[in-house]
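Structure at a glance
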Amino acid sequence: MIRAVAALCVLLVAGCGSSGAPAGPKLTIGIRFDQPGLGLRGSDGGYTGLDVDVAKYVATRLGTDSRNITFVEARAADRESMLEQSKVDMVVATYSITDARKQHVDFAGPYFVAGQSLLVRKANADIDGPESLNDSDWQLCSVTGSTPAQKVQATYAASVTLEQHGSYRECVDALLKGDIDAVTTDDVILAGYAAEQPERLKLVGKPFSTERYGIGLHKGDPRRRQVTEALRSMIADGSWQKFVTDSVGRSGYRAPVKPQVADSP
């Protein structure tokens, strides 16, 4: 009888101890820490933005409680290596799907489609698109490990002087100080920074590329199919529209049509 009571007590204690524990496997997810409306780490240590919402939704569909997610910073130059070295389970960080990247990682998506643009100081009336960067000795800034600045040089403005920093926040700070004349990357990223300084910054020109954001996974990761289906559910059940409106929409950015998630992007 004593043994039976003791066994029952052990079971009760174990049950009480596990009832409040977060469910599912742990996931480490790479996001940007410095992109307003997309992936931003606040002063309180919390994370906000479209990529954060997408990551949490997908994690839930994979059976992971949000408390079992560890967010780590994924800078542009580090995303492939973080996946290849198994430092993260996935990357949700305005990660454009390209053929070159698909040689190293797998993608699920796209879950958002953006286009490259330019951010300049509000008082600058001379830069109105990438072609105008050829008109003077302009200083153009982008991020090390990304492709936007090279695209401008190769296609529109061979004479522009390129400056690269470790983050777009550093580029924007240099723009505000007058050290550079324009920042280039995806319009939805730039819109977040413009919304922070509407009296000092503006976007110019029409988007001049198509950037399809996907979730990066280890090459051959068997969860890619599950992640793909999770993204489709997110778009179909209205969550995608809510995430876009709540995060990106606040900057005044006009959201694109719902993306078509590919079987093999």
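Residues numbered from 1 in each chain as written. Predicted model: local features only at pLDDT ≥ 70, side-chain atom pairs only at ≥ 80, totals over all residues. Heavy atoms only, no water.

Considerations on the overall build of the protein chain
Of the regular secondary structure elements, the protein chain holds nine helices and 13 strands. When the backbone C-alpha atoms are referred to their principal axes, the protein chain occupies close to 90 × 35 × 35 Å. For the protein chain, with 265 residues in total, the buried portion stands at 47%. Carbon and sulfur atoms make up 51% of the accessible area of the protein chain, which totals about 12,500 Å². A distance of 7 Å separates the average location of the 30 positive side-chain charges in the protein chain from that of its 32 negative side-chain charges. (Helix = DSSP H or I, 4+ residues; strand = E, 2+ residues; numbered from the N terminus. Buried < 20%, exposed > 50% of the residue type's maximum accessible area, 1.4 Å probe, protein only. Areas by Shrake-Rupley, 256 points an atom, 1.4 Å probe, with all protein chains shown as cover. Lys, Arg positive; Asp, Glu negative; His and termini not counted. Charge placed at Lys NZ, Arg CZ, Asp CG, Glu CD.)

Examining the side chain of His218
In this fold, His218 is placed in the loop between strand S13 (211-217) and helix H8 (224-236). According to the relative accessible area criterion, His218 is buried, its value standing at 18%. In this structure the side chain of His218 is engaged in a polar contact, spanning 2.8 Å, whose partner is the backbone oxygen of Leu83. Setting aside chain neighbours within four positions, we find His218 in contact with Leu83, Ser86, Val88, Asp89, Asp106 and Arg223. (Polar contact = N/O pair within 3.5 Å; in protein donor to acceptor, adjacent residues only side chain to side chain. Contact = heavy atoms within 4.5 Å.)

Notes on the packing of helix H6 (residues 168-177) against helix H7 (residues 187-196)
At a minimum axis separation of 11 Å, H6 and H7 run at an interaxial angle of 45 degrees. With respect to each other, H6 and H7 are oriented oblique. The hand of the H6/H7 crossing is right-handed. Across the interface between the two elements, Tyr168, Arg169 and Val172 of H6 pack against Ile189, Tyr193 and Glu196 of H7. Here the residues of the contact of H6 with H7 are counted per class, giving four nonpolar, no polar and two charged. (Axes fitted to C-alpha atoms, helices over the stretch in contact; angles between N-to-C directions. Parallel < 35°, antiparallel > 145°, perpendicular 65-115°, else oblique. Left-handed = near helix turned anticlockwise from the far one by under 90°. Nonpolar A, V, L, I, M, F, W, Y, C, P; charged D, E, K, R; others polar.)

Let's talk about the state of the cysteines
Under the criterion given, the structure shown has one disulfide. What pairs with Cys141 in a disulfide is Cys171, and their sulfur atoms sit 2.1 Å apart. Where Cys141 bonds to Cys171 through sulfur, the torsion about that S-S bond is close to -70 degrees, and the disulfide is left-handed. With Cys141 in strand S9 (residues 139-143) and Cys171 in helix H6, this residue pair connects regions lying 30 residues apart in the sequence. For the pair Cys141 and Cys171, a shared accessibility class is recorded, and that class is buried. (Disulfide = S-S within 2.5 Å.)

Looking at the nonpolar core
Judged by nonpolar contacts, the single largest core of 54 residues is most densely connected at Phe112 and Ile215. Broken down by element, this core gets its largest block of residues, seven residues, from helix H2 (residues 50-61). If we ignore the near neighbours within four places in the chain, the residues touching Phe112 are Leu50, Val188, Glu211, Arg212, Tyr213, Trp240, Val244, Tyr253, Pro256 and Pro259. Counting residues in hydrophobic clusters, the runner-up holds 13 residues, among them Ile127, Trp138, Ala149 and Ala157. (Core = buried A, V, L, I, M, F, W, Y, C linked by side-chain atoms within 4.5 Å.)

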